[in-house]
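Overview (structure and organization)
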Protein chains: 2
Amino acid sequence: MEIKLWDKETFLARLRDVGTKQYHHQHPFHIRMNAGQLAPNAIRAWVANRFYYQRNLPMKDAAIISNCPIREVRRTWLHRISDHDGSTPGTGGIETWLKLAEACGMSREEILDERHVAPSVRFAVDAYVNFARSKPWPIAVASSLTELFAPDLMAERLAAFQKYYTWVKPEGFDYFRGRVVQARVDSDEGLQLTLQYCDTPALQEEAVRALSFKCDVLWTILDGIQAACTTS
Amino acid sequence: MEIKLWDKETFLARLRDVGTKQYHHQHPFHIRMNAGQLAPNAIRAWVANRFYYQRNLPMKDAAIISNCPIREVRRTWLHRISDHDGSTPGTGGIETWLKLAEACGMSREEILDERHVAPSVRFAVDAYVNFARSKPWPIAVASSLTELFAPDLMAERLAAFQKYYTWVKPEGFDYFRGRVVQARVDSDEGLQLTLQYCDTPALQEEAVRALSFKCDVLWTILDGIQAACTTS
């Protein structure tokens, strides 16, 4: 039996189907977060653990560039590194996440030294970075496509924080605001590259698996945070 | 016997010593190039083969960023990727090298498809990229310090091309002109990072070996080009 190349609509539908079924918007921790049911310590645990994910993203994106021999693609992907790191001190996504942590009453120091990061969160994030280092770059790009589903969750989260978690200083929400817009730009770029360069049946199927893997990463991060909240 | 940390002057002297003894300015091919003794086919072979080095540099630099957990260092290193790739189509070091190839009477196509690249040149360049991917980032940074010795060679080369190789269209020399300036900026940055982050006796010695390794890469590239010129 010959395996045929999916047309773009079918390929896109397979990718979207993964998000519908596996994206972490359905994780019990996120459902409770967005329903206003989390205690301050749980919110703080989420912010401190998720920082480990944020701080590793530029290294993940540099791995994709390092593995990509196509100049135009590298040029498209490059802004992600400075989006995270900032072009100058005091700017960029990592910095904005640190401001969220401070708005939640934590010190930069306790975030930067990773004392609150659960081992399972570390393993999941490290798995994502290693995936980007070791897989063909179009597959690593496909794994980033959870961004397709991020803006809705981010908008819902921003509303939930403003409504329920009024103890968080509002200047902490800049990261969420920025990502609602930026995630759309990024996911458009990532989707175009995936549709263009995952151009064999094997690569298309691997791209769908890569997105499923990435959903596992995000889900496992929340499992780890939830477990840390329960036991602490 | 305890091995002691070199002070900065000693460390710098050891690094400079590697350059004095092993940098490819002393390779017979470069000596003949700068004395105006190369035939057009040898110049073309050099341009076409050296392109493979140029085109791999952004992937090498992205590997360093991918391995580096320090935001400030990544921010310092990042401009190298867009220096090579350009921020927009038609710009950047790779593009400028393609213009050099055209100024030497070759087509973009025959450069981009790598038909002229000798296997030994490919192996040497690939070894450099793999070095950056697999070694600790401060050691990979140290391997870039051949840039310390580049401006003098580049200035000498530019003068030689203008004097001896008048069949090359002068608009091809933009790469050399740009690098005389940029290599000083880059090597200053690389040197500061090496002196700061190679901060144990073991790392200092490994940094010196890394620079020696990089000299081997550049020397082997010229060996390969010279052999290709002799046999073709």
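Preceding this paragraph is the structure being described.
Read on for an overview of the structure. Given the structure is predicted, the values throughout are model-derived calculations rather than measurements.

Details of the overall build of chain A
The number of helices and strands found in chain A is twelve helices and zero strands. Helices and strands in chain A line up, N terminus first, as α-α-α-α-α-α-α-α-α-α-α-α. Against the 2.2 N^0.38 benchmark of 17 Å for 232 residues, chain A shows a C-alpha radius of gyration of 18 Å, consistent with a compact globule. Counted over contacts in chain A with a minimum sequence separation of 6, partners at least 24 positions apart contribute 80%. Split by element, the accessible area of chain A, about 10,000 Å² in all, is 54% carbon and sulfur. Considering chain A, the positive charge centre built from 28 side chains and the negative charge centre built from 28 side chains are found 1 Å apart.

Section: the pattern of salt bridges
Residues and elements named next belong to chain A. Evaluation of the coordinates by the stated rule reveals 24 salt bridges over all chains. Residue lysine 60 pairs with aspartate 61 through a salt bridge whose shortest N-O separation is 2.7 Å. Accessibility classification places lysine 60 together with aspartate 61 in one group, the buried group. A network of salt bridges, in which partner residues are shared, links Arg80, Glu147, Arg179 and Asp186.

A look at the interface of chain B and chain A
Contacts between the two partners involve 28 residues from chain B, matched on the other side by 28 residues from chain A. Roughly 2,000 Å² is buried in total at the junction of chain B and chain A, and carbon and sulfur atoms are behind 51% of that figure. Three residues stand out in chain B for area buried against chain A, namely Ser66, Arg71 and Arg75 of chain B, and they jointly supply 32% of the buried area on that side. Our count for the chain B to chain A interface comes out at four salt bridges. Its salt-bridge partner being arginine 74 of chain A, residue aspartate 85 of chain B comes within 2.6 Å of it at the nearest N-O pair. Joining chain B to chain A, the criterion identifies twelve residue pairs in polar contact (both at pLDDT 80 or more). If you list the elements that add at least two residues to the side of chain B that touches chain A, you get helix 3 (40-66), helix 4 (71-77), helix 5 (79-85) and helix 6 (93-103) of chain B. Per-element tally for the side of chain B that touches chain A: the top contributor is helix 3 of chain B, with seven residues. Partitioning the side of chain B that touches chain A into residue classes produces twelve nonpolar, eight polar and eight charged.

So, the packing of helix 3 (residues 40-66) of chain A against helix 3 of chain B
For the pair helix 3 of chain A and helix 3 of chain B, interaxial distance at closest approach is 8 Å and the crossing angle is 160 degrees. One finds that helix 3 of chain A runs roughly antiparallel with respect to helix 3 of chain B. In this structure, helix 3 of chain A meets helix 3 of chain B at a crossing whose hand is left-handed. Residue-level contacts link Met59, Ala62, Ala63, Ile65 and Ser66 of chain A of helix 3 of chain A to Met59, Ala62, Ala63, Ile65 and Ser66 of chain B of helix 3 of chain B.

Remarks on helix 3 of chain B
Residue and element names in this part refer to chain B. For helix 3, which comprises 27 residues, the first-to-last C-alpha distance of 40 Å matches the rise-based estimate of 39 Å (1.5 Å per residue) to within 8%. Its maximal kink placed at leucine 57, helix 3 deviates by approximately 35 degrees, while the proline proline 58 follows within four residues. Of all the 27 residues making up helix 3, 24 are buried; the element is thus mostly covered by neighbouring parts of the structure.

Structural notes on the environment of valine 47 of chain B
Residues and elements named next belong to chain B. Relative to the elements of secondary structure, valine 47 occurs in helix 3. We classify valine 47 as buried; its relative accessible area is 0%. Each C-alpha atom of the pair valine 47 and alanine 118 lies 12 Å from the other, and the pair is 71 residues apart in sequence. Discounting chain neighbours no more than four positions away, the residues touching valine 47 are Trp97, Leu100, Ala101, Cys104 and Met106.

Here's the deal with the side chain of histidine 24 of chain B
When you line up the elements, histidine 24 of chain B lands in the loop between helix 1 (8-22) and helix 2 (28-34). In this view, histidine 24 of chain B contacts His30, Arg50, Leu153, Leu218, Trp219 and Leu222 of chain B; residues no more than four positions away in its chain are not counted.

What to know about the relation of the copies chain B and chain A
Superposing the two chain copies requires a rotation about an axis and a translation along that axis. For the match of chain B to chain A, the screw axis carries a shift of 0.0 Å, the RMSD comes to 0.0 Å, and the turn is 180 degrees. The operation mapping one copy onto its partner corresponds to a two-fold rotation axis. Across chain B, the rotation axis passes nearest the C-alpha of alanine 62 of chain B, at a separation of 2.5 Å. When the interface residues of chain B are mapped onto chain A, 100% of them again lie at the interface, so the same face is used by both copies.

A look at helix 6 (residues 93-103) of chain A
The buried fraction of helix 6 of chain A amounts to nine of the eleven residues, a majority that puts the element mostly inside the structure. Those residues of helix 6 of chain A lying buried are Gly93, Ile94, Glu95, Thr96, Trp97, Leu98, Leu100, Ala101 and Ala103 of chain A. Those residues of helix 6 of chain A that are buried are in contact with helix 3, helix 5 (79-85), helix 7 (108-112) and helix 11 (174-197) of chain A together with helix 4 of chain B. Following helix 6 of chain A by one or two positions, glycine 105 of chain A adopts a phi angle in the positive range, close to 90 degrees.

Remarks on the side chain of arginine 75 of chain B
Along the chain, the position of arginine 75 of chain B falls in helix 4. Put simply, arginine 75 of chain B is tucked away with no salt bridge, and the nearest opposite charge, on glutamate 72 of chain B, sits 4.5 Å away. Among the polar contacts listed, one links the side chain of arginine 75 of chain B to the backbone oxygen of aspartate 85 of chain A, at a separation of 2.8 Å. For arginine 75 of chain B, the contacting residues outside a window of four places in its chain are Asp85, Gly86, Ser87, Thr88, Pro89, Gly90 and Thr91 of chain A.

What counts and what doesn't
Residues numbered from 1 in each chain as written. Chains lettered and ligands numbered in written order. Predicted model: local features only at pLDDT ≥ 70, side-chain atom pairs only at ≥ 80, totals over all residues. Heavy atoms only, no water. Helix = DSSP H or I, 4+ residues; strand = E, 2+ residues; numbered from the N terminus. Rg over C-alpha atoms; globule rule 2.2 N^0.38 Å. Contact = heavy atoms within 4.5 Å. Areas by Shrake-Rupley, 256 points an atom, 1.4 Å probe, with all protein chains shown as cover. Lys, Arg positive; Asp, Glu negative; His and termini not counted. Charge placed at Lys NZ, Arg CZ, Asp CG, Glu CD. Salt bridge = Lys/Arg side-chain N within 4 Å of Asp/Glu carboxyl O. Buried < 20%, exposed > 50% of the residue type's maximum accessible area, 1.4 Å probe, protein only. Buried area = accessible area lost by both parts, 1.4 Å probe. Polar contact = N/O pair within 3.5 Å; in protein donor to acceptor, adjacent residues only side chain to side chain. Nonpolar A, V, L, I, M, F, W, Y, C, P; charged D, E, K, R; others polar. Axes fitted to C-alpha atoms, helices over the stretch in contact; angles between N-to-C directions. Parallel < 35°, antiparallel > 145°, perpendicular 65-115°, else oblique. Left-handed = near helix turned anticlockwise from the far one by under 90°. Expected span 1.5 Å × (residues − 1). Bend = angle between axes of the 7 residues up to and from the residue. Least-squares fit on C-alpha atoms with pLDDT ≥ 70 in both.

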